[in-house]
Amino acid sequence: QVQLVESGGGVVQPGGSLRLSCAVSGSISSIYGMGWYRQAPGKQRELVAAITGGGSTNYADSVKDRFTISRDNAKNTVYLQMNSLKPEDTAVYYCNGAGSRPRGDLWSGWGQGTQVTVSS
């Protein structure tokens, strides 16, 4: 079974920074794309940032130039560095990923979510 476990959420003042981590564990042979999503109360889940297996990235317009997604393939971990945080960034953040298993079949999954609250 493949698990994605997020960490790093918390409460921060506007203008502050947080770094989220998402570690993938279990029987995997590779990780393809990974992404960070968020869901605020009463809103739909939205894509925040994504990174391909080759390292290409894309971002939601609302977070460009403030957030940076990166990955450490040796640790099977993806990160989301969030700077200049705004109250509207408050949400539960989820990581999502997909890849292959040693037998050649594919896996995909979501983490459990981590709360980010931006408030003075």
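Since the structure is predicted, the reported quantities are computational estimates derived from the model, not experimental observations.

Trainee: So what exactly am I meant to see when it comes to empty space enclosed by the protein here?
Mentor: Gaps left between atoms are located by rolling a probe of water-molecule size over the structure's atoms. The tally for this structure, following the rule as stated, stands at one cavity of 30 Å³ or more. Space inside the largest cavity adds up to approximately 40 Å³. Lining of the largest cavity is provided by V24, I31, M34, R71, D72, N73, N76, T77 and V78. Looking at the lining of the largest cavity, the elements that each hand over two or more residues are β4 (30-39), β7 (67-72) and β8 (77-82). Looking at the lining of the largest cavity residue by residue, the classes come out as four nonpolar, three polar and two charged.

Trainee: Sorry, what's going on with the sheet that holds strand β3 (residues 18-25) here?
Mentor: Sheet strands associate in pairs through backbone hydrogen bonding, adopting either a parallel or an antiparallel arrangement. Strand order across the open sheet formed by four strands is β1-β3-β8-β7, with antiparallel pairing between neighbours. Bordering the open sheet on either side are β1 (3-7) and β7, each of which pairs with just one other strand. With direction set aside, neighbouring strand axes in the sheet form an average angle of 15°. Both β3 and β8 contribute to a ladder of six bridges, which runs antiparallel. What sits directly across from L20, in β8, is L80.

Conventions and cut-offs
- Residues numbered from 1 in each chain as written.
- Predicted model: local features only at pLDDT ≥ 70, side-chain atom pairs only at ≥ 80, totals over all residues.
- Heavy atoms only, no water.
- 1 Å grid on protein atoms, 1.4 Å probe; cavity = no way out; pocket = protein on both sides within 12 Å on 5 of 7 lines; lining within 4 Å.
- Points joined across faces, edges and corners; volume = space filled by probe spheres on them.
- Helix = DSSP H or I, 4+ residues; strand = E, 2+ residues; numbered from the N terminus.
- Nonpolar A, V, L, I, M, F, W, Y, C, P; charged D, E, K, R; others polar.
- Pairing = 2+ DSSP bridges.
- Axes fitted to C-alpha atoms, helices over the stretch in contact; angles between N-to-C directions.

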